[in-house]
Amino acid sequence: MKRILSAIAFVTAGFAVATPALADLQLATAKNCMACHAVDKKLVGPSYKDVAAKYAGQKDAADKLAAKIIKGGSGVWGPVPMPANAQVNPEEAKKLAAWVLATK
């Protein structure tokens, strides 16, 4: 019985760790971010892994990315501009930015 309870606790802990990453991928998909970006390869825009590497160690990276998610931007990753995403609210933008920066 003790082994069963330990196994259940282990599996439950795994879901608790995996769920935020999956939820943020779901948010990125729902907000059409995945139409131009992928986690590990360049599409129209850079991969999320490349974005995380570029902004690694910058204190204000999450705020910068959240603003770019909402307002769009250009010139950082080449000639293709990132359009504004009016369908993303500030809370969602912060959540997406944190998820992108945590991508390894």
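Residues numbered from 1 in each chain as written. Predicted model: local features only at pLDDT ≥ 70, side-chain atom pairs only at ≥ 80, totals over all residues. Heavy atoms only, no water.

Visitor: Please clarify how the layout of surface pockets should be interpreted in this entry.
Guide: To find leftover empty space, one rolls a probe the size of a water molecule over the atoms. If you add up the space inside the largest pocket, you get close to 650 Å³. Looking at the lining of the largest pocket, the elements that each hand over two or more residues are α2 (48–55), α3 (61–71) and α4 (90–102). Looking at the lining of the largest pocket residue by residue, the class counts come to 22 nonpolar, 10 polar and four charged. (1 Å grid on protein atoms, 1.4 Å probe; cavity = no way out; pocket = protein on both sides within 12 Å on 5 of 7 lines; lining within 4 Å. Points joined across faces, edges and corners; volume = space filled by probe spheres on them. Helix = DSSP H or I, 4+ residues; strand = E, 2+ residues; numbered from the N terminus. Nonpolar A, V, L, I, M, F, W, Y, C, P; charged D, E, K, R; others polar.)

Visitor: What's the story with the packing of α2 against α4 in this structure? I'm lost.
Guide: Each pair of packed helices can be summarised by the angle the axes make with each other and by the distance between the axes. Contact geometry of α2 with α4 gives a least axis separation of 7 Å together with a crossing angle of 85 degrees. In terms of their interaxial angle, α2 and α4 are classed as roughly perpendicular. For the pair α2 and α4, the contacting residues are Y48, V51, A52 and Y55 in the first and W99, V100 and L101 in the second. Partitioned by chemical class, the residues of the contact of α2 with α4 number seven nonpolar, no polar and no charged. (Axes fitted to C-alpha atoms, helices over the stretch in contact; angles between N-to-C directions. Parallel < 35°, antiparallel > 145°, perpendicular 65-115°, else oblique. Contact = heavy atoms within 4.5 Å.)

Visitor: What's the story with the side chain of N85 in this structure? I'm lost.
Guide: Tracing the backbone shows N85 in the loop between α3 and α4. Within polar-contact distance, the side chain of N85 engages the backbone oxygen of P83 at 3.2 Å. (Polar contact = N/O pair within 3.5 Å; in protein donor to acceptor, adjacent residues only side chain to side chain.)

Visitor: Could you clarify how one ought to interpret a nonpolar patch on the surface in this entry?
Guide: On the surface, L43, V44 and V80 cluster together to form a nonpolar patch covering roughly 240 Å² of accessible area. Secondary-structure assignment places V80 in the loop between α3 and α4. (Patch = residues over 30% accessible without salt bridge, like charges linked within 9 Å, V, L, I, M, F, W, Y side chains within 5 Å. Areas by Shrake-Rupley, 256 points an atom, 1.4 Å probe, with all protein chains shown as cover. Salt bridge = Lys/Arg side-chain N within 4 Å of Asp/Glu carboxyl O.)

Visitor: Looking at this structure, I do not really get α3. What am I missing?
Guide: Residues spaced three or four apart along an α-helix point in a common direction, a consequence of the helix completing one turn every 3.6 residues. Looking at α3, one finds that the buried residues are A61, L65, A66 and I69. Angular distribution of buried residues about the axis of α3 spans 130 degrees; they occupy a single face of the element. Residues D63 and K71 are exposed on α3 and point more than 90 degrees away from its buried face. A positive backbone phi angle near 85 degrees is found at G72, which sits one or two residues after α3. (Buried < 20%, exposed > 50% of the residue type's maximum accessible area, 1.4 Å probe, protein only. Arc of directions from axis to C-beta.)

Visitor: Help me out: how do you make sense of the packing of aromatic side chains in this one?
Guide: The geometry of an aromatic ring pair comes down to the distance between the two centres and the angle between the two planes. For the structure on display, the rule yields one aromatic pair. Relative to W99, the ring of Y48 lies with its centre 5.2 Å away and its plane at 65 degrees, an arrangement referred to as edge-to-face. Of this pair, Y48 sits in helix α2 while W99 sits in helix α4, and the two are 51 residues apart along the sequence. Residues Y48 and W99 agree in their burial class; the two are buried. Seen from the ring of W77, K54 lies directly overhead, with NZ or CZ sitting 4.8 Å from the centre. (Phe/Tyr/Trp six-rings, centres within 6.5 Å; stacked < 30°, edge-to-face > 60°. Lys NZ or Arg CZ within 6 Å of the ring centre and 35° of its normal.)

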